[in-house]
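Next come the chains, spelled out residue by residue.
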Amino acid sequence: MVVVGYADASLLDIACVAETFATANLLGIARPYSVELASSHGRPVRATAGFALAAHGVLEAVTGRVDTLVVVGGHGHEEAAADLHLVRQIRRLAPSCRRVASVCTGATVLAASGLLDGRRATTHWAFAARLARRYPAVAVDPAPLFVKDGDVYTSAGVTSALDLTLAFVEEDHGAAVARGVARALVTYLQRPGNQAQVSMFVSGPPPEHPLVRRITVHIAENPADDLSPPALARAAGVSTRHLTRLFEGQLGTTPARYVRAVRTESAAHLLASTALPLNAVARRCGFGSTETLRQAFLAHYGTPPSMYRHLHRGVGDRTRHGSGPHRMTTAGDTIQEGSGAGHREADAAVQPAH
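Residues numbered from 1 in each chain as written. Predicted model: local features only at pLDDT ≥ 70, side-chain atom pairs only at ≥ 80, totals over all residues. Heavy atoms only, no water.

**Comments concerning the pattern of salt bridges**
Close approach of charged atoms allows side chains of opposite charge to pair. Evaluation of the coordinates by the stated rule reveals eleven salt bridges. A salt bridge links Arg99 to Glu171; the nearest nitrogen and oxygen atoms lie 3.0 Å apart. One end of the pair, Arg99, is in strand β7 (residues 97–102); the other, Glu171, is in helix α6 (residues 160–173), and 72 residues separate them in sequence. A relative accessible area of 2% places Arg99 in the buried class. Of the residues examined, Glu171 reaches a relative accessible area of 41% and is grouped as partly exposed. The network of salt bridges with shared partners includes Asp67, Arg98, Arg99, Glu171 and Asp172. (Salt bridge = Lys/Arg side-chain N within 4 Å of Asp/Glu carboxyl O. Helix = DSSP H or I, 4+ residues; strand = E, 2+ residues; numbered from the N terminus. Buried < 20%, exposed > 50% of the residue type's maximum accessible area, 1.4 Å probe, protein only.)

Right, here's the structure in full:
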């Protein structure tokens, strides 16, 4: 397993990959991993945090079959992508690798090498738009934690490297070993790759427009109410058309799609933190039926509610009985909706539960 470092790389990116594989070795796997940090000319890798890591190997000297090549991210990713010598070395090694991967902004380096052309890829959400502009041949998806397209893998920001590397361990040694590694690292087991990087409730500042801010607070605090566009327009004291213009200008989405996303994330919180049955979760979050809830989850998370609960239960067991009304106190933050998945059902999802 060759981890490619460069000047101003992220220490955590390197550590997440290396420690996950090392922990798998400690569990006594049949085919242990050999992890090597390589850099151009074997130079020390000075990380963003100020630490200098001694490289195990010279990137130029790596020959033969490499199982997995991982390019890490960091503040130096732009300079690394502009380093033609580094890019050529990655391009040279890629054909001999079983897997090629990037962590966080390491996707910029893979894109510069041409390895992401024609592929779907992700990166840290804050750099996704820039990556898409610079490399139009890459289908950049800013939402998932990691993406597998053929034998090329890309992951989101920093600690998503844990999720990606755990997925590698599961591919290589099975789910039981991956669970053991996750327990040893005291980390989530196992966030699916298509889980959103950032919740809409923490993804940005509240809307600047006071009317939009007031309506988003109302939506988050009353997900079971009638939140259809006409009802929201009445609450705002404006026409439906004007409210839609305001939402699109401030949030980049329509009121119906915003409501659908809020209800879906509210339901996700209840599924992870309570033992409420699905019909009760659907009712509390404003979905007319468990089937509507299921459709919303498939569109937003790529997984049904039951599977989401199985993967995320225990996050909030202190509230597992779900007593009291569900309220989002961080209401009003912005949302970056995905590229249209499930929008056809959006209007159906904003009707009240009764």
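**Digging into the sheet that holds strand β11 (residues 152–155)**
Taken in spatial order, the seven strands of this open sheet run β5-β2-β1-β6-β7-β11-β10, and their pairing is mixed. This sheet does not close on itself; its edge strands, each paired only once, are β5 (57–58) and β10 (146–149). Contacting β1 (2–4), β6 (66–71) and β7, helix α3 (residues 84–93) crosses the sheet at an angle of about 150 degrees to β6. Strands in contact with α6 are β6, β7, β10 and β11; relative to β7, the strand with the most contacts, it is inclined by about 165 degrees. (Pairing = 2+ DSSP bridges. Contact = heavy atoms within 4.5 Å. Axes fitted to C-alpha atoms, helices over the stretch in contact; angles between N-to-C directions.)

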